[in-house]
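Observations on the three-dimensional arrangement
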Amino acid sequence: MEKQSLNKVGIFGGSFNPLHLGHINSVISVAEKMSLEKVFVIPAYQNPNKDPVDGPSANERLKMAEIGFQPYLDFVEVVDVEIQRKGNSYTIDTLNMYAEHFNAEELHLIIGADAFYGFDRWKDYQEILKKCNLVVTSRPGMQLPFSQKDLPKGIQDFVAAFDRNYIELTTGRHIEFIRIEDVDASATDIRKKLRNGLRVEKFLSFEVENFIKENELYKPLDSRISDFRAFTMKVAESLWQKSCIGLRAFDLTDIEAPSEYTIICSGTSSKHVSSMANLLIQEIKNEYGVLPVGLEGLREGRWVLLDYGSLIIHVFYDYVRQEYGLENLWKEGKEIDLTKLKDK
Ligand code: ATP
């Protein structure tokens, strides 16, 4: 990076999977309200707090950011440092690089309110609070903090002075809260809509939407898994081999349900649950070349939900499974006979 003679710059990172109007609105609004001379938009290679899901490559996400910010290149620069670096994209590593070129006072890390509430789980967040200021924007469905006790625990220790929209930190830096116009877009929802063929023009720039369509970035998994009943049997067999308990599978094609097939099983500990799910994801990736389109609870191992479109898999810690009684939801569906599998 060239030495830059700029006074006030922003850094805006994200997975941008896909880049949506919420992201663009945030960058434009903050740049304007705070008179930033430049905002560096930095697509992550892999957000360490998110599990990898099926979809575009890192370079395709970079391309979406370049296309989406094309009209704003007078003050926006899309940077591929995290994509070049590969591996987990830690903000502290990126910030260390920028710290060589800018004084901490000039640097403003822009994040949405949702990201802010988990900020004290970021790697070396204490260091981040020394190396730059934070700008936290509103996001639909999230309240900005009213008082000091609403702040993430790890940030409370650094507060020197609290005023609703401005916090002075003991590190010499500050946090500013900025209300921006609500753009009710979330990448997770947009991915779902795209896969189900629903309209998304409200959430994406025209050019980004075109790029997604031309390159079929979010095509349903059916193009790679042709027979979901056979896939369900295969997954059931694989879970059985991993010593799961209480394995059941349901055909839901005749009832109103979020998927055509579903599997439920348990593990004997949260470790067993996470390891079964991790191994299963790997096996399916190797055999079918797909990752789940949605994935929840993998790290905690209490209730892991793997969404493969027409098949949704629930792997529970057995004792948590009793609490939910999910099977009742599918009693109108047809239970698939797995006895042959279990006799194997
Ligand atoms: P997901 O829905 O999968 O969590 P996302 O829509 O939050 O994804 P990211 O790429 O993770 O997209 O977000 C990058 C940054 O943009 C984060 O700081 C996030 O808080 C912020 N952001 C995302 N959507 C909005 C929005 N609609 N309004 C304001 N900020 C947003």
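Residues numbered from 1 in each chain as written. Predicted model: local features only at pLDDT ≥ 70, side-chain atom pairs only at ≥ 80, totals over all residues. Heavy atoms only, no water.

Quick notes on the nonpolar core
Applicable threshold: To qualify as a nonpolar core, a set must consist of buried Ala, Val, Leu, Ile, Met, Phe, Trp, Tyr and Cys residues joined through side-chain atoms within 4.5 Å. Any residue under 20% of the maximum accessible area for its type is buried, any over 50% is exposed, and the rest in between are partly exposed; the area is computed with a 1.4 Å probe on protein chains only. Per the convention used, a helix needs a DSSP run of H or I reaching at least four residues, while a strand needs a run of E reaching at least two, with both numbered from the N terminus. We call two residues in contact when some of their heavy atoms are within 4.5 Å.
If you look at the biggest cluster of nonpolar residues, it comprises 36 residues, and the most contacted ones within it are Val27, Val39, Val41, Met64, Phe69 and Ile212. Where this core is concerned, the elements lending two or more residues are α1 (21-33), β2 (38-43), α2 (58-69), β3 (76-78), α8 (187-195) and α9 (206-214). Of the residues forming this core, the biggest block, six residues, is contributed by α2. Each residue touching Val27, except ones within four places of it in the same chain, is listed here: Phe12, Val39, Val41, Phe69, Phe75 and Val76.

Observations concerning a negative patch on the surface
Rule in force here: Residues enter patches when their relative accessible area tops 30% and they take part in no salt bridge; the joining distance is 9 Å for like charges and 5 Å for the nonpolar side chains Val, Leu, Ile, Met, Phe, Trp and Tyr. Using a 1.4 Å probe, the Shrake-Rupley method yields the accessible areas, and only the shown protein chains count as cover for residues. In what follows, salt bridge is the name for a side-chain nitrogen of Lys or Arg lying within 4 Å of a carboxyl oxygen of Asp or Glu. His residues and chain termini do not enter the charge count, which takes Lys and Arg as positive and Asp and Glu as negative. By convention, charge coordinates are those of NZ in Lys, CZ in Arg, CG in Asp, or CD in Glu.
The grouping of Glu181, Asp182, Asp184 and Asp189 at the surface amounts to a negative patch. Its location among the elements puts Asp184 in the loop between β8 (174-178) and α8. Overall, Asp184 belongs to the exposed group, its relative accessible area being 62%.

Quick look at the sheet that holds β2
Under the convention used in this document: Two strands make a pair as long as DSSP finds a minimum of two bridges between them. For helices, the axis comes from a line fit to the C-alpha atoms of the stretch in contact; other axes are also lines fit to C-alpha atoms, and the angle between any two N-to-C directions lies between 0 and 180 degrees.
As summarised here, the arrangement of the eight strands in space is β3-β2-β1-β4-β5-β8-β7-β6, forming an open sheet in which the pairing is mixed. Two strands lie at the open edges of the sheet, namely β3 and β6 (159-163), each paired on one side alone. The sheet shows a mean angle of 20° between the axes of neighbouring strands, direction not considered. Of the strands in this sheet, β2 and β3 are in contact with α2, which crosses β3 at around 160°.

Some words on the packing of helix α10 (residues 228-241) against helix α11 (residues 270-288)
Operational definition: Oblique is the label for any angle not covered by the other classes, which are roughly parallel (under 35 degrees), roughly antiparallel (over 145) and roughly perpendicular (65 to 115). By definition, turning the near helix anticlockwise from the far helix through less than a right angle yields a left-handed crossing, and turning it clockwise yields a right-handed one. In this classification, Asp, Glu, Lys and Arg are treated as charged, Ala, Val, Leu, Ile, Met, Phe, Trp, Tyr, Cys and Pro as nonpolar, and every other residue, Gly included, as polar.
Between α10 and α11, whose axes approach to 10 Å, the crossing angle comes to 135°. It follows from the interaxial angle that α10 and α11 lie oblique. Between α10 and α11 lies a crossing of right-handed hand. The residues of α11 that touch α10, namely those facing Phe231, Lys234, Val235, Ser238 and Leu239, are Met276, Leu280, Glu283, Ile284, Glu287 and Tyr288. Grouping the amino acids of the contact of α10 with α11 by side-chain chemistry returns seven nonpolar, one polar and three charged.

Concerning the site of the ligand
As a reminder, the rule being used: Whether a residue is near a molecule or strand depends on its heavy atoms: it is near if one of them lies within 4 Å of it. For this analysis, a polar contact is any N or O atom pair within 3.5 Å, provided that within protein one partner can donate a hydrogen and the other can accept it, and provided that sequence-adjacent residues contribute only side-chain to side-chain pairs.
Around the ligand, the surrounding shell holds 21 residues, and the nearest of these are His20, Lys50, Asp114, Arg139 and Thr188. The separation between an oxygen atom of the ligand and a polar main-chain atom of Phe16 is 3.0 Å. Residue Asp114 places a side-chain N or O atom 2.5 Å away from an oxygen atom belonging to the ligand. Contact with the protein chains covers 90% of the free accessible surface of the ligand, which is 600 Å².

Observations concerning the domain arrangement of the protein
The cut-off we apply is this: Residue ranges assigned to the domains are those given by an automatic or database domain assignment. When two components associate, each loses some accessible surface as probed by a 1.4 Å sphere; the sum of these losses over both components is called the buried area.
Split by domain assignment, the protein resolves into domain 1 (9-178) and domain 2 (223-343). Here the C-alpha centre of domain 2 lies 36 Å away from the C-alpha centre of domain 1. Of the roughly 650 Å² buried between domain 1 and domain 2, counting both surfaces, carbon and sulfur atoms make up 42%. Our count for the domain 1 to domain 2 interface comes out at two salt bridges. Note that Arg299 is salt-bridged to Asp51, the shortest N-O span being 3.0 Å. At the junction of domain 1 and domain 2, the tally comes to five residue pairs in polar contact (both at pLDDT 80 or more).

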